[in-house]
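Okay, here's what each chain looks like letter by letter:
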Amino acid sequence: MGLFLLFQDASEIEKKMQEAPDSSYEIGIAIGTYLPFVVLVLIAYAFYYYSKKRKSRE
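Residues numbered from 1 in each chain as written. Predicted model: local features only at pLDDT ≥ 70, side-chain atom pairs only at ≥ 80, totals over all residues. Heavy atoms only, no water.

Caption draft 1: Looking closely at the packing of aromatic side chains. Applying the stated criterion across every chain, the model contains 3 aromatic pairs. Consider the rings of Y45 and Y48, whose centres lie 6.4 Å apart with planes at 40°: the pair is tilted. Remark: Y48 and Y45 occur in helix α2 (residues 23–57); sequence separation between them is 3 residues, near one turn of the helix. A residue is classified by how much of its surface remains accessible, and Y48, at 48% relative accessible area, is partly exposed. Their ring planes at 70° and their centres at 5.5 Å tell us that Y49 and Y50 sit as a pair that is edge-to-face. Cluster of aromatic residues (ring-pair linked, three or more members): Y45, Y48, Y49 and Y50. (Phe/Tyr/Trp six-rings, centres within 6.5 Å; stacked < 30°, edge-to-face > 60°. Helix = DSSP H or I, 4+ residues; strand = E, 2+ residues; numbered from the N terminus. Buried < 20%, exposed > 50% of the residue type's maximum accessible area, 1.4 Å probe, protein only.)

Caption draft 2: Spatial organisation of α2. For α2, built from 35 residues, the straight-helix expectation of 51 Å at 1.5 Å per residue is met to within 8% by its first-to-last C-alpha distance of 50 Å. Within α2, the axis deviates most sharply at Y34, by approximately 30°, and proline P36 lies no more than four positions further along. (Expected span 1.5 Å × (residues − 1). Bend = angle between axes of the 7 residues up to and from the residue.)

Caption draft 3: Seen up close, a nonpolar patch on the surface. On the surface, I27, I31, L35, V39, L40, I43 and F47 cluster together into a nonpolar patch covering about 700 Å² of accessible area. Mapped onto the fold, I27 is located in helix α2. Classification of I27 as exposed rests on a relative accessible area of 51%. (Patch = residues over 30% accessible without salt bridge, like charges linked within 9 Å, V, L, I, M, F, W, Y side chains within 5 Å. Areas by Shrake-Rupley, 256 points an atom, 1.4 Å probe, with all protein chains shown as cover. Salt bridge = Lys/Arg side-chain N within 4 Å of Asp/Glu carboxyl O.)

Any link to function would need more than the numbers given here.
Structure below.
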């Protein structure tokens, strides 16, 4: 079901990009789409780095 929601969301993003008034709006949609994933990856890496560092101290 999650995969279906992902495809549905992608079609909405494509629709927004086609109806965009100019290219800066398209850039904003792209940034807004990928930014949450980038933030989550950075948080996950920070947890990994700090736990690895703490494990090496023990």
